[in-house]
Amino acid sequence: MDKFRMIFQFFQSNQESFMNGICGIMALASTQMYSAFDFNCPCLPHYNLAYGLGILLVPPFILFLLGFVLNNNISMLAEEWRRPRGRRGKDAAVLRYMFCSMAQRAMIAPAVWVSVTLLDGKCITCAFCTSVPLQTLGNASHPPLSQGEVQRVLARIPCKEIYNGQQLVANEVAVRYLRCISQALGWCFVLLMTTLAFLVRSLRPCFSQAAFLKSRYWSHYIDIERKLFDETCAEHARSFAKVCIQQFFEGMSTDLVAARCHLPRKAPADAGEAAEKLLGITDQGTMNLALKSWHRCKPPLHLHPPALPTGNGWAGEGQPPRHPSAPRKETAAYYSWV
Amino acid sequence: MDRFRMIFQYFQSNSESVMNGICGLLALASVKMYTSLDFSCPCLPQYNMAYGLGVMFVPPIILFLCGLILNRQSLVMLEEWRRPAGHRKKDLAVIRYMCSSIMQRAMVAPVVWIIVTLLDGKCLICAFSGSMDPQKFVGFANVSTEQVQQLLAKVPCKDDELVRNNASRKAVSRYLRCCSQALGWSILLILIIAAFLARWLRPCFNQATLLQARHWSNYIDIEQKIFEETCCEHSRLFAHKCILHFFESMQQEIKLHSFSLPREGDGAEGEEDLLQGITDQDQVNNLLKTWYYEKPPLDVSQAHQR
C-alpha cells in the first residue's frame, strides 16, 4: 500500500510526470487490449479488406481521442483559447506549446497499437490475402480458375480449417509471405516514428530555446493559477457557508424568543463553550423547527455583518442593515407560534 | 517497504544512476521484445536476406534512438552546445565527455539485441541459407540451379513440405547456427575486453581533465534541474499574489459601489477576513464573471507596494 502511495505521490508531484504516467498506462492498455482482442477474419472476398484495415486504423483513432479526453489540460487549453482578452494579453506561443505537448502524448498509444498490430501480422494477412502474387508463390500445376473463384479461394487463406486451395498456393507459404511484409511494414513504421521523435526532441534546443522556456513557464503558470483560484474559491465558499449557517441559527433562535414573548434568558457568565455552541436552541421542539426550516426555506445567499455578538439570541444592540431585514421578517412571520 | 523507498531515492538522487537505470531497462526490454517477436522467415529466394538482415539491424537503430530520446542528459548537452556564450565560456571537453557518456549508454540495448539475435541463430539462418554452396551438402549437390535456390531458401522453414525430412536441410541449418553463435560469442568477447581495457587504462591518461569534465557535466545537469524547480516555485507564488490582488480589488470595487454602513465592532470572526468582503450571491457571481471575462494583468508590483 505504501509503495503505491509513494509511486502515486511521485507522479502527482510533478504535473509532467503525471501526464507521462497516464501516457505509459495507455500504451500498456493498448497492448493488453490487442492481446485480449479475439481477431476473427471473415474470410470473404470483400469483407477481409474492410475488417483488416478497420482493426488496424479505427482503435488508434479512438485511443488518440481518449488520450485527449483523459488529459486534464485540455479544458485548460480550451479556456485559455476562448477567454476574452480583458486586461491580460494572449500569447499564441503558449497555446501552441500546450497543444503540441498534449498531441505528442496522445499519439503514443495509437502508435503502439499500430506497431503491435503490424508486427503481429494477423491484420495485414487478413486484409491483403486476396492480393498474394500467384506467379511467384503459386504452384505451377493447377487447373485454371475464373477470377472470382480465385478470389474466393485466396480469401480463405487466414482461415486454415476451411482453406481448400492447397493446389493453388500453399497456405503456409502465403501466410509466411504476408507476415513478412507485415513485419517489414511494422519495423519501418516504428523506425519512422522513433526518428521523428528524435528529430523533434533534438532540433528544439538548436532553434528557439528561449521562446520554449518562456512558453513552458507561462503554461505552468496558467495551470497553477487555475488550481490556486479553485482552492481560494473553495476556502471562500467554506467561510461563506459557515457564516451563513451561523446567522441562520441565530436568526431562528432570535425569532423564537421574540415569538414566545418571554424574557430572554441571559446566558450565565460561566456557560462555557458548549452552551455558546448551542446558539440558543435548547429543546427538541426548537431543534425540529430549525431543521424543518432549513429544509423548507433555506436562507438567502446574503450575509449581513454581525450586529449581534455570538452566544445568545438577544436581538439587542446594533442596527442590522436594511437588506436582510425584509426576508428575516418574512421568516419570522411564517414560523411564529402565534 | 523502506528498502524500496531507499532504492527509489538512490536512483533519483544521482542523475547518472537514473541513466544507468534507464539503460538497464532498455536492455531488458530489448531481450523481451526479441522473445515475444514471432520470427517467421518468408522462405523465398529474394526476401530471405532482406528479412533476416532487417530484423537484425533495424531494431538496434530504433533502440539506439530510444536510448538517446529517453536520456535527459542528451537535451542538456544539446542546450549547452547551442547556447550563446554570454557571460559563461563554453568548455568543449565537458561537451565531449557528456556526448561520449550518452553514446556509450545508448549503445548498450542495440548491442544486446544483436548479440541475442546472433546467439539464437534464426536471423542468420534465414538471411544466409540462400548463399550456401550446395556442393558441400549431399542432398543439394545434384539438383538444378533454380531448384537448389528454392530448396536452400526453404531451409529455415522446418515444416515446409519440400524440405520436411531432408537431412541436408538439417545440416545447413546446423552449420549456419554454429557460425552465428560463434560470431555472437566473439563479438561479446571483443566488446567485454574493450570495455575492460577502456576502464582500466583510463586513469593512465588525462585523469585530471576527466575529473573536471565529469564535475562540470554534473553541475550543468543539477543547475538545470534547480532552475526548473525555482521557476515552478516562482510561478506558484506569482499566482498566489495575483489571485489575492484580484480578490482585494474586487473588495474595493464593492466598497465603492455599495452604500452599506461600515461594520461595527469587528468582533471575533476570522471567517469575515477570509470572506474578503464578498458576502453575497451576486457579489460572488460578479467575481467569477470578472475572473473569466477580465483576467487581471500579470503584474503584482502594486501588491508589493501596498
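Residues numbered from 1 in each chain as written. Chains lettered and ligands numbered in written order. Predicted model: local features only at pLDDT ≥ 70, side-chain atom pairs only at ≥ 80, totals over all residues. Heavy atoms only, no water.

**Student:** Break down the overall build of chain A for me, with residues and values.
**Tutor:** Summing up its helical and strand segments, chain A has 14 helices and zero strands in all. Counted from the first residue to the last, chain A has its helices and strands arranged as α-α-α-α-α-α-α-α-α-α-α-α-α-α. By sequence separation, contacts in chain A at least 24 residues apart represent 76% of the contacts at least 6 residues apart. Element-wise, carbon and sulfur atoms account for 64% of the exposed surface of chain A, whose accessible area totals about 19,900 Å². (Helix = DSSP H or I, 4+ residues; strand = E, 2+ residues; numbered from the N terminus. Contact = heavy atoms within 4.5 Å. Areas by Shrake-Rupley, 256 points an atom, 1.4 Å probe, with all protein chains shown as cover.)

**Student:** Give a detailed account of the pattern of salt bridges, specifying residues and quantitative values.
**Tutor:** For the structure on display, the rule yields twelve salt bridges over all chains. Salt-bridge contacts for Glu225 of chain A lead to Arg88 of chain A; the nearest nitrogen and oxygen are separated by 2.9 Å. One end of the pair, Glu225 of chain A, is in helix H11 (residues 209–260); the other, Arg88 of chain A, is in the loop between helix H4 (73–82) and helix H5 (92–106), and 137 residues separate them in sequence. Residue classification places Glu225 of chain A among the buried positions, given a relative accessible area of 2%. In this structure Arg88 of chain A comes out as buried when scored by relative accessible area, which is 6%. Note that Asp120 of chain B and Lys122 of chain B form a salt bridge whose closest N and O atoms lie 3.5 Å from each other. Since its relative accessible area comes to 27%, Asp120 of chain B is described here as partly exposed. Relative accessible area serves as the criterion here: at 36%, Lys122 of chain B is assigned to the partly exposed category. (Salt bridge = Lys/Arg side-chain N within 4 Å of Asp/Glu carboxyl O. Buried < 20%, exposed > 50% of the residue type's maximum accessible area, 1.4 Å probe, protein only.)

**Student:** Quick one: what's the story with the UniProt feature "transmembrane region" (unreviewed entry) in chain A, residue by residue and with numbers?
**Tutor:** Using the residue numbers shown here, the UniProt feature "transmembrane region" (unreviewed entry) corresponds to residues 21–37, 49–72, 93–113 and 181–200 of chain A. Helix makes up 95% of residues 93–113 of chain A and strand 0%, with an end-to-end C-alpha separation of 31 Å. (UniProt positions renumbered as here; feature names shortened; annotations may be inferred.)

**Student:** How would you summarise the UniProt feature "transmembrane region" (unreviewed entry) in chain B if you had to cite specific residues and measurements?
**Tutor:** Residues and elements named next belong to chain B. Under the local residue numbering, the UniProt record ascribes the feature "transmembrane region" (unreviewed entry) to residues 49–70 and 182–201. Structurally, residues 49–70 is divided into 100% helix and 0% strand, and its ends, taken at the C-alpha atoms, are 32 Å apart. Helix makes up 100% of residues 182–201 and strand 0%, and the two end C-alpha atoms of the span are 28 Å apart.

**Student:** Give me the lowdown on the interface of chain A and chain B, citing residues and values where you can.
**Tutor:** Residue-level contacts link 57 residues of chain A with 68 residues of chain B. Buried area between chain A and chain B, summed over both chains or domains, comes out near 6,300 Å², and the portion from carbon and sulfur atoms is 69%. Looking only at chain A, the three residues that lose the most surface to chain B are Arg176, Trp187 and Phe229 of chain A, adding up to 12% of its buried area. There are two salt bridges connecting chain A and chain B. Applying the counting rule to chain A against chain B returns seven residue pairs in polar contact (both at pLDDT 80 or more). Counted by class, the side of chain A that touches chain B contains 29 nonpolar, 13 polar and 15 charged residues. (Buried area = accessible area lost by both parts, 1.4 Å probe. Polar contact = N/O pair within 3.5 Å; in protein donor to acceptor, adjacent residues only side chain to side chain. Nonpolar A, V, L, I, M, F, W, Y, C, P; charged D, E, K, R; others polar.)

**Student:** A description of the layout of surface pockets should follow, citing residues and the corresponding values.
**Tutor:** All names here are of chain B. Taken as a whole, the second largest pocket holds about 1,300 Å³ of empty space. Broken down by secondary-structure element, the contributors of at least two residues to the lining of the second largest pocket are helix H2 (15–36), helix H5 (92–106), helix H6 (108–120), helix H9 (167–201) and helix H10 (207–257). A breakdown of the residues in the lining of the second largest pocket according to their chemical character gives 18 nonpolar, seven polar and six charged. Taken domain by domain, the lining of the second largest pocket gets at least three of its residues from each of domain 1 (1–205) and domain 2 (209–255 + 275–293). (1 Å grid on protein atoms, 1.4 Å probe; cavity = no way out; pocket = protein on both sides within 12 Å on 5 of 7 lines; lining within 4 Å. Points joined across faces, edges and corners; volume = space filled by probe spheres on them. Domains from an automatic or database assignment.)

**Student:** Go over a nonpolar patch on the surface with me, naming the residues and quoting the values.
**Tutor:** Residue and element names in this part refer to chain B. A cluster of nonpolar side chains, Leu189, Ile193, Phe196, Leu197, Trp200, Leu201 and Phe205, forms an exposed patch at the surface whose accessible area comes to about 770 Å². Counting through the fold element by element, Leu197 comes out in helix H9. Among the residues examined, Leu197 registers a relative accessible area of 40% and is labelled partly exposed. (Patch = residues over 30% accessible without salt bridge, like charges linked within 9 Å, V, L, I, M, F, W, Y side chains within 5 Å.)

**Student:** Tell me what's going on with the domain arrangement of chain B, and back it up with residues and numbers.
**Tutor:** Residues and elements named next belong to chain B. Assigned domains within chain B: domain 1 (1–205) and domain 2 (209–255 + 275–293). A separation of 48 Å is found between the C-alpha centroids of domain 1 and domain 2. Facing the 13 residues of domain 1 at the interface are twelve residues of domain 2. Both sides of the domain 1 and domain 2 interface together cover about 1,200 Å² of buried area, and 54% of this is carbon and sulfur. Counting the surface domain 1 buries against domain 2, the share from its top three residues, Arg72, Val94 and Tyr97, is 38%. Our enumeration of links across domain 1 and domain 2 arrives at two salt bridges. Arg72 is the partner of Asp221 in a salt bridge, and the nearest nitrogen-oxygen pair spans 2.8 Å. Across the domain 1-domain 2 interface, the total number found is four residue pairs in polar contact (both at pLDDT 80 or more). Listing elements by their share of the side of domain 1 that touches domain 2, those giving two or more residues are H2, helix H4 (72–82) and H5. Here the side of domain 1 that touches domain 2 takes five residues from H4, the largest share from any one element. Its residues assigned to classes, the side of domain 1 that touches domain 2 comprises five nonpolar, two polar and six charged.

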